[in-house]
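Given next are the chains, with one letter for each unit.
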Amino acid sequence: MENKKKEDNNSRRNFLKLGLLAGAGTVATGALIATGKNSGESGEKIKVLTTSGEVMEVDKNFLTQAPVGRVESHEGIPGRKFVMVIDLAKCKNARKCVEECQKGHNLPKDQEFMKVYLMQDSEKTAPYWFPKPCYHCDNPQCVSVCPVGATYKRSDGIVLIDNERCIGCKFCMTGCPYSTRVFAWKPNEEYDIDQAYSPEKSVPGVEGTVSKCDFCPDMAREGKLPYCASACPMGVIYFGDIDEDVVTNGTETFKFSELIRDRSGYRYLENLGTRPNVYYLPPVDRQFPVERGLDGLDEEITKRFDNTPYVKNLKNKEAK
Amino acid sequence: MSETVSSDKLLREFAPQIEHTGKYGKLWIGFLIVVICYGWFALYWQVSRGHIVTGMRDNVVWGVYIVNFIFFMGISYAGALISGTLHLFHAEWRKPIIRMAEFITIISLLIGPCFIMLCVGRLDRLPNLILFGRIQSPITWDVIAISTDIIGCILFLYLALLRDLGKMRDFKELKVPQWQKKMYKILALGYTGTPEQQLMLKKATDVMAGMVIAIAIIVYSVLAWIFSVTLQPGWHSTIFGPYFVIAAVYSGTGVLIVSMYFFRKVYHLENHITLQHFVNVGVIMLVLGAFFGYFTFSEYLTKWYGSEKNDEQLIQVLLKNYFNLFILSNYVGVLAPLIVVGFKKLRTINNITIAAGIVVIALWLNRYLIVVPTLETPYLPIQDDREAWLHYSATWVEWALTAAGVAMFCLLFTIGSKLIPIVQVSDLKEDPEQPGDIHLM
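What you see is a predicted model, and the numbers here were worked out from it, not measured in a lab.

Along the backbone of chain B there are 16 helices and zero strands. What you see for chain B is a C-alpha radius of gyration of 23 Å, in line with the 22 Å of a compact globule of 441 residues. Seen through its principal axes, chain B has C-alpha atoms that stretch 70 × 50 × 45 Å. Relative to its 441 residues, chain B shows a buried fraction of 46%. Taking the intrachain contacts of chain B between residues at least 6 apart in sequence as the baseline, contacts between residues at least 24 apart amount to 84%.

Spelled out as structure tokens, the structure:
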């Protein structure tokens, strides 16, 4: 037991450390020149491994401030293959993932990269809360149909959008069977920030283009979890590396394959053949009753679920 | 091959439509221009305020614009398939109406793609389609196919115009401004009707007629594949290619009959376009209507009978929220020509034109029912508190631009008929006989 725990801790540390080093490498080679104006050097030097295998010393400030540019963002983080596991047994629609994601990506309130659905597979089955990010499919329909290559699949499994190239035809939105993508229908003040655009950050947003959950590769480069995973108070969202076979929600770390095996992990709408990189653990042995998810929400959020069979039923019972 | 000789008498008959525009004609053109200006204002509104001014939202990302795009591309088949096929089969009765069919083709081909551009969020980045075009994307197939189609159809129309342009150049009595005479002279390319020229023209026209038919089928199939390659329950269908082609020609014949009716009235072509022409095109429309009904039936039957969860959801929405439109487009739109043309007693010019008008409207609705309800029933249920996100309803901006598209179509058609006779003068005899019953071969 103790042995296992130690191993877990080790692999987590490794994951985080590797994330930092690999990320720093790309930043250092790709974006140092672009950020020449950021002369605020901290004086603290950090050794990093570049993609070509050389060891370089870089000032610490460059690592965090330089976003990965549009061209470099086409390459995945070397040696990575990201995966997400969402534990439906623990989700109680706290919506912290949604809020933190919106904050992190400078999104207006009416745009959500992460959405939480109230699902009920059939009349007699139990309803459950269902957080849905982008699935970063291995056979992404959205990438296939894009006429200008503005959305692309990287070596680390992440599907990104280049908002500077996107023409806004919305074909990818009809191509995605999971309603993942959102369109910037109007100019938003949240988009007006003085920051260099990076597809890895999806910030700042661009009017008239499509955007979506990006799996936060900029955070991974810094060895951090995506906004949604670190924000969740229940630890519902695990993020990790499928090749390294490790996922973590920040407090617990698991072997991905064992977690999926022991908890019967599955992928949503497997039959569509899109091969998602997001896995779900079924809502068994729940920690909260589903109606707890309706507590303490803004009225406009609760209104969303008014048309679901579950809420309709609840209201009927109350009326009686 | 003998070229039918037409005398100056015939040209004299058609000269007034080119020389003068009457009071009503001017009013008509003025009205169309006002509608188009309204459309320009709507476009300014959309560009300056963003697509939020349309009814489209994150689920229904394509609305009336795409419907118009499919619709206009569809009626462009009038020329391509009808005049192409009739030309290859040497159907003599086609002669007074093919110019109209070809005009419909060119004009709608120019207007259709404008609508897909209205759907694009960043018009300023359209060059990306060429600069960064990916051949894997059906939109790129569409760009290639449509641009080929436009060039092919313009060539086909031009070849058909050549003899008339020569006639107009040689017709000294024509009272038109100098620039117009010069235009005829340049465009006629020195065609005088020598046997050698006639042979060349015939060969070229035959080749283009065949090409235009092939390209037209490809263009419309590609258009259908934009929808059917996706995984959306209402679109992911193997018969979409042929279904769209049939629906397109069907709507094309409808528009052709309606324009025959109006041009016959306005330019007094009663001698040349007779009831028999309406009946003949009507019969083609009837056959296409039967095919269209058959395709529609098999499309919805398989979805309904198998009742896969998402298909069932879609059928439910169609029959609940869109019941009237569904009946109008898929029942009335099929039965109207079957009844009117099918029973000899009902075959009058007015009846056939009304049936054709119904077909045109029904086919527009058919496309609406293909695009919108599907997007309203995605795999994941739409859970939203905003009404606009749940149900699509087009705004004044979209309707204004739709009206402007139709007005533009009418305006270009009118202008076209002011520059060149709306029937092919060089093919007509002085004393037209009643054309025979329909026989394609």
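We are not done yet, so read on.
Moving on: the overall build of chain A. In terms of regular secondary structure, chain A is built from 10 helices and 13 strands. Counting every position in chain A, which comprises 320 residues, the buried fraction comes to 47%. Counting only contacts in chain A whose residues sit at least 6 apart along the sequence, the fraction spanning at least 24 positions is 64%.

With 35 residues of chain B at the interface, the matching set in chain A holds 37 residues. Counting residues per element, the ones that place at least two in the side of chain B that touches chain A are helix 6 (128-131) and helix 7 (138-170) of chain B. Looking at the side of chain B that touches chain A element by element, the count peaks at three residues for helix 7 of chain B. When the residues that make up the side of chain B that touches chain A are grouped by side-chain class, the tally is 16 nonpolar, 12 polar and seven charged.

Residue and element names in this part refer to chain B. Look at helix 10 (residues 240-266): 38 Å from first C-alpha to last across 27 residues, which is about the 39 Å you get at 1.5 Å a residue. Most of helix 10 is tucked away: 20 of the 27 residues are buried. Phi turns positive one or two residues past the end of helix 10, at His268, with a value near 50 degrees.

A separate point is the pairing of strand 4 (residues 115-119) of chain A. A regular strand places its side chains so that they alternate between the two faces of the sheet. Residue and element names in this part refer to chain A. For strand 4, a buried count of four out of five residues is recorded, marking the element as mostly surrounded by other parts of the structure. As paired strands, strand 4 and strand 5 (residues 128-132) are joined by five bridges and run antiparallel to one another. Bridge assignment links Tyr117 to a residue of strand 5, and that residue is Phe130.

Moving on, we come to the nonpolar core. Counting 194 residues, the largest nonpolar core has Val85 and Ile237 of chain A together with Leu256, Met285 and Val359 of chain B as its most contacted members. Examining the composition of this core, we find that 17 residues originate from one element, helix 14 (residues 349-376) of chain B, more than from any other. The residues touching Met285 of chain B, leaving out its near neighbours within four places in the chain, are Tyr250, Thr253, Gly254, Ile257, Pro337, Val341, Ala356 and Val359 of chain B.

Reading the values: the criteria
- Residues numbered from 1 in each chain as written.
- Chains lettered and ligands numbered in written order.
- Predicted model: local features only at pLDDT ≥ 70, side-chain atom pairs only at ≥ 80, totals over all residues.
- Helix = DSSP H or I, 4+ residues; strand = E, 2+ residues; numbered from the N terminus.
- Rg over C-alpha atoms; globule rule 2.2 N^0.38 Å.
- Buried ≥ 20, exposed ≤ 12 C-beta atoms within 10 Å, placed from the backbone.
- Contact = placed C-beta atoms within 7 Å.
- Nonpolar A, V, L, I, M, F, W, Y, C, P; charged D, E, K, R; others polar.
- Expected span 1.5 Å × (residues − 1).
- Pairing = 2+ DSSP bridges.
- Core = buried A, V, L, I, M, F, W, Y, C linked by C-beta atoms within 7 Å.

Distances and angles like these do not, on their own, reveal function.
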